[in-house]
Amino acid sequence: MAAVTDYVDTSAAEAREKRMQKIHQRLNSAEGIVGVFGLGFIIPLIKIAIGDSVKQNMRDLWQMLFVPLIGIGMFIAAWAYFAPQVKTSLGAIPGPVQVMEQVGTLYQDHLNERERQAAFYERQDKRNAKLIEAGKTDKVKHRTYTGAPTFFDQIVTSLFTVAIGFFVGVIIAIPLGIMSGLSPTVSGAINPLIQIFKPVSPLAWLPIVTMVVSATYATPWDWLPKSMLISAITVTLCSLWPTLINTALGVSSIDKDLLNVGRVLQLPTGRTITKLVLPSSLPLIFTGMRLSLGVGWMVLIAAEMLAQNPGLGKFVWDEFQNGSSNSLAKIMVAVLTIGIVGFLLDRLIYALQVAFTYSDKR
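All of these numbers come straight from a predicted model, not from anything done at the bench.

### Remarks on the overall build of the protein chain
Broken down by element type, the protein chain carries 12 helices and two strands. In the protein chain, the succession of α and β elements from N to C terminus is α-α-α-β-β-α-α-α-α-α-α-α-α-α. Long-range contacts, defined here as pairs at least 24 residues apart, represent 68% of the contacts in the protein chain between residues at least 6 apart. Just so you have it, the protein chain exposes about 21800 Å², and 67% of that area is on carbon and sulfur atoms.

What follows is the structure, encoded as structure tokens:
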């Protein structure tokens with residue numbers, strides 16, 4: 001009887017062990033995914049909850065969660081202490097509390113503007129309905145609401161502008177990088193241009209781009225005003241270089257035996273690129289794209305300031321020119337927003353890199 005009981009206990013223990021192994025495998029698979037979004041600390045918490053080693057997981061949790069929180073807490077404490085001691089022409093530098101108050105103010109301003117917009121269209125619809133009932137359809141008009149863009153509207157505008165500039169840059173940089181990586185002749189021709197134009201500041205490009213766009217873009221589309229196109233082209237000119245350089249490096253680093261196999265199989269150039277070149281160079285291409293997007297996002301803010309394109313850059317400039325008692329706090333809200341959005345954009349490209357390269361390594 002005791003032997004039967006021991007056998008049952010052993011079988012149950014083995015079943016539990018197998019379940020735990022499956023759970024750990026799934027957690028290890030999910031670790032790369034949640035790490036993409038900076039949420040890797042969730043895995044140790046789950047492991048502790050299912051009865052795994054508390055000591056080891058607490059060590060991981062300390063590094064992933066508590067150390068970053070301590071760093072953020074120290075920064076906020078230093079900011080709150082030193083900010084009131086720095087006096088400017090607009091008053092003391094606002095601390096965290098004042099900045100958070102302005103976040104609430106900007107959000108309320110956004111809601112108020114949306115209410116005014118809704119009321120405007122409601123009045124317009126009622127007026128047009130009355131005209132139609134009276135048989136005066138020729139007097140029916142549909143006007144677009146022209147209220148000032150809110151802070152959140154300008155975030156969307158900046159994202160749209162940087163997306164245009166970044167994607168155009170990628171479309172130009174990746175093919176050039178592939179050609180440069182495969183052909184020493186193309187590389188020799190392009191490399192001097194890269195070294196000359198890569199260090200050029202967006203402030204130098206902006207006047208040239210402005211004159212060219214003004215001369216060639218006479219009738220702007222409603223969804224792409226001149227100022228937005230100027231900012232987008234400036235982003236393209238400054239952000240395409242990291243992608244071009246990394247693509248060329250990734251392609252040139254491919255194992256030559258792999259390319260020789262393609263030649264033996266007599267693969268067309270297109271299939272060689274799609275089947276051999278791109279899969280091998282994708283990690284470096286995505287690294288270049290991450291760098292390009294970061295550069296593009298930084299360049300955009302300066303471009304929007306000077307081109308007066310609605311966006312976060314123009315918001316910062318307008319608040320600086322405004323000079324009200326709350327301007328500094330609103331500028332700091334914009335600075336924090338620029339940083340957070342930049343982080344999220346980097347995580348987005350990194351998520352695509354993990355998805356397409358099947359690698360969870362940074």
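### Overview of the pattern of salt bridges
Within the structure shown, the criterion is met by six salt bridges. For R114, the salt bridge identified is with D153, shortest N-O distance 3.2 Å. Placement of R114 in helix α4 (residues 96-133) and of D153 in helix α5 (residues 151-182) is noted, with a sequence separation of 39 residues between them. Overall, the relative accessible area of 22% leaves D153 in the partly exposed class. Here D318 makes a salt bridge to K314, at a shortest N to O gap of 2.9 Å. Of this pair, D318 and K314 both sit in helix α11 (residues 312-322), four residues apart, which is roughly one turn of the helix. Within the structure, one salt-bridge network assembled from shared partners comprises R290, D346 and R347.

### Topic: the nonpolar core
Ranked by size, the top nonpolar core spans 46 residues in total, and within it F151, M289, W297 and L312 carry the most contacts. Looking at this core, the elements that each hand over two or more residues are α4, α5, α7 (202-216), α8 (226-252), α10 (269-307), α11 and α12 (327-357). By residue number, the principal contributor to this core is α10, which donates 11 residues. Leave out the neighbours within four places in its chain, and M289 touches F166, V170, I174, T243 and I349.

### Here's the deal with the side chain of S327
Relative to the helices and strands, S327 resides in helix α12. Each residue touching S327, except ones within four places of it in the same chain, is listed here: L90, E319 and N322.

### Remarks on a positive patch on the surface
Together, R123, R127, K141 and R143 give the surface a local cluster of positive charge. One can find R123 in helix α4.

### Observations concerning helix α6 (residues 184-197)
For α6, built from 14 residues, the straight-helix expectation of 20 Å at 1.5 Å per residue is met to within 8% by its first-to-last C-alpha distance of 20 Å. Of all the bends in α6, the greatest, near 30 degrees, is centred on I190, and the proline P192 appears no more than four residues after it.

### Quick notes on the side chain of T236
Turning to its location among the elements, T236 is positioned in helix α8. If we ignore the near neighbours within four places in the chain, the residues touching T236 are I164, G165, V168, G169 and I172.

### Some remarks on the packing of aromatic side chains
Overall, the coordinates contain 16 aromatic pairs when judged by the stated rule. A centroid spacing of 5.7 Å and a plane angle of 80 degrees characterise the contact between F151 and F152, whose relative ring orientation is edge-to-face. For F152, a relative accessible area of 29% puts it in the partly exposed group. Taken together, the aromatic side chains of Y107, F151, F152 and F315 make up a single cluster linked through ring pairs.

### Things to note about the confidence of the model for the protein chain
Of all residues in the protein chain, 88% attain a pLDDT of 70 or more, and the chain-wide mean is 85. Put simply, helix α1 (residues 2-36) is where the protein chain has its lowest mean pLDDT, 60, and α5 is where it has its highest, 94.

### Considerations on the packing of α7 against α8
Between α7 and α8, whose axes approach to 9 Å, the crossing angle comes to 135 degrees. Taken as axis vectors, α7 and α8 run oblique relative to one another. Two packed elements cross with a definite hand, and for α7 against α8 that hand is right-handed. Side by side, α7 and α8 meet where P202, W205, L206, V209, T210, V213 and S214 of the first sit next to K226, L229, I230, I233, T234, L237 and C238 of the second. Along the lines of polarity and charge, the residues of the contact of α7 with α8 split into 10 nonpolar, three polar and one charged.

### Quick word on unusual backbone geometry
The phi dihedral of Q308 falls on the positive side, at around 55 degrees, and the residue is not glycine. For Q308, the location among the structural elements is in the loop between α10 and α11.

### A short note on the environment of Q308
Note on Q308: relative accessible area 33%, which makes it partly exposed. Residues Q308 and I230 lie 78 residues apart in sequence; the distance between their C-alpha atoms is 9.8 Å. The residues contacting Q308, other than those within four sequence positions of it, are S227, A303, K314, W317 and D318. Looking at Q308, its side chain comes within polar contact range of the main-chain oxygen of M305, at 2.7 Å.

### Some thoughts on α4
A rise of 1.5 Å per residue sets the reference length of α4, with its 38 residues, at 56 Å; its end C-alpha atoms lie 56 Å apart and thus fit the reference within 8%. Of all the positions in α4, only P96, V99, Q102, L106, H110, E113, F120, Q124, N128 and L131 are classed as buried. Check the buried side of α4 and you find it contacts α3 (54-82), α5, α11 and α12. Following α4 by one or two positions, G135 has its phi on the positive side, about 75 degrees.

What counts and what doesn't
- Residues numbered from 1 in each chain as written.
- Predicted model: local features only at pLDDT ≥ 70, side-chain atom pairs only at ≥ 80, totals over all residues.
- Heavy atoms only, no water.
- Helix = DSSP H or I, 4+ residues; strand = E, 2+ residues; numbered from the N terminus.
- Contact = heavy atoms within 4.5 Å.
- Areas by Shrake-Rupley, 256 points an atom, 1.4 Å probe, with all protein chains shown as cover.
- Salt bridge = Lys/Arg side-chain N within 4 Å of Asp/Glu carboxyl O.
- Buried < 20%, exposed > 50% of the residue type's maximum accessible area, 1.4 Å probe, protein only.
- Core = buried A, V, L, I, M, F, W, Y, C linked by side-chain atoms within 4.5 Å.
- Patch = residues over 30% accessible without salt bridge, like charges linked within 9 Å, V, L, I, M, F, W, Y side chains within 5 Å.
- Lys, Arg positive; Asp, Glu negative; His and termini not counted.
- Charge placed at Lys NZ, Arg CZ, Asp CG, Glu CD.
- Expected span 1.5 Å × (residues − 1).
- Bend = angle between axes of the 7 residues up to and from the residue.
- Phe/Tyr/Trp six-rings, centres within 6.5 Å; stacked < 30°, edge-to-face > 60°.
- pLDDT = per-residue confidence, 0-100.
- Axes fitted to C-alpha atoms, helices over the stretch in contact; angles between N-to-C directions.
- Parallel < 35°, antiparallel > 145°, perpendicular 65-115°, else oblique.
- Left-handed = near helix turned anticlockwise from the far one by under 90°.
- Nonpolar A, V, L, I, M, F, W, Y, C, P; charged D, E, K, R; others polar.
- Polar contact = N/O pair within 3.5 Å; in protein donor to acceptor, adjacent residues only side chain to side chain.

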